[in-house]
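# Summary of the model geometry
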Amino acid sequence: QVQLVESGGGLVQAGGSLRLSCAASGYIFLVNAMGWYRQAPGNQRELVAGINSGGRTNYADSVKGRFTISRDNAKNTLYLQMNILKPEDTAVYYCAAGRSYGVGAGFADYWGQGIQVTVSS
């Protein structure tokens, strides 16, 4: 199995920045795609950004130009740099990993526990 632990969430004012990190452990050799999902109260979980082992990325339209996903394979760590945050970015953010190379909405096989990001207006 693969274990994923998120860090870096918190409260920030609109227009501010946060960087989320996700440390992966366990059967890392199974993982190709990694990414971030989020779920706001009353909403379905949605893909925010994904990246595969070849560096191909995929972003939700709502975060393009503001968020940047990256991964450090030597450290088994995934990052999400979030800039120009908006109140509508408020959600629980989940780190995810998948065995496939695809980074579309349904790639995740493994999930972290989630971390809260709150953006105040």
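As shown above, the structure is provided for reference.
First things first, this report covers the structure right here in the doc. (Residues numbered from 1 in each chain as written. Predicted model: local features only at pLDDT ≥ 70, side-chain atom pairs only at ≥ 80, totals over all residues. Heavy atoms only, no water.)

What follows covers the side chain of D89. Within the secondary structure layout, D89 lies in the loop between β8 (77–82) and β9 (91–98). Assessed through its relative accessible area of 1%, D89 is described here as buried. (Helix = DSSP H or I, 4+ residues; strand = E, 2+ residues; numbered from the N terminus. Buried < 20%, exposed > 50% of the residue type's maximum accessible area, 1.4 Å probe, protein only.)

All right, on to the nonpolar core then. Most often, soluble globular proteins keep nonpolar side chains buried together rather than apart. If you look at the biggest cluster of nonpolar residues, it comprises 30 residues, and the most contacted ones within it are L4, W36, L80, M82 and Y93. Put simply, the parts of the chain that give this core at least two residues each are β1 (2–7), β3 (18–26), β4 (33–39), β5 (46–51), β7 (67–72), β8, β9 and β11 (115–120). Counting residues in each nonpolar core, the second largest holds 8 residues, with L47, Y94, V103 and A108 among its members. (Core = buried A, V, L, I, M, F, W, Y, C linked by side-chain atoms within 4.5 Å.)

Tracing the sequence through the fold places L11 in strand β2 (residues 10–13). Residue class for L11 comes out exposed when judged on its relative accessible area of 65%. Remark: the alpha-carbon pair of L11 and T118, spanning 107 residues in sequence, is separated by 4.7 Å. Among all residues touching L11, those that are not within four sequence positions of it are T118 and S120. (Contact = heavy atoms within 4.5 Å.)

Where two aromatic rings form a pair, the distance of their centres and the angle of their planes describe that pair. For the structure on display, the rule yields 4 aromatic pairs. Judged by centre distance (6.4 Å) and plane angle (85°), the rings of Y94 and W111 are edge-to-face. On the criterion of sequence distance, the pair formed by Y94 in strand β9 and W111 in strand β10 (residues 110–111) is long-range, its members being 17 residues apart. Given the relative accessible area of 35%, W111 is considered partly exposed. An aromatic cluster is present here, built from Y37, Y94, F107 and W111 joined pairwise through their rings. Over the ring of W111 we find R45, and its NZ or CZ is 4.6 Å from the ring centre. (Phe/Tyr/Trp six-rings, centres within 6.5 Å; stacked < 30°, edge-to-face > 60°. Lys NZ or Arg CZ within 6 Å of the ring centre and 35° of its normal.)

Before going further, it helps to examine the pairing of β11. Of the two faces of β11, only one is covered, namely that formed by I115, V117 and V119; the face formed by Q116, T118 and S120 stays uncovered. Taken together, the 4 bridges between β2 and β11 define a ladder with parallel strand orientation. Residue pairing for β11: V12 is matched across the bridge by V119. Where β9 and β11 come together, 3 bridges link them in antiparallel fashion. Bridging across to β11, A91 finds its partner in V117. (Pairing = 2+ DSSP bridges.)

Read these as spatial facts, not as claims about activity.
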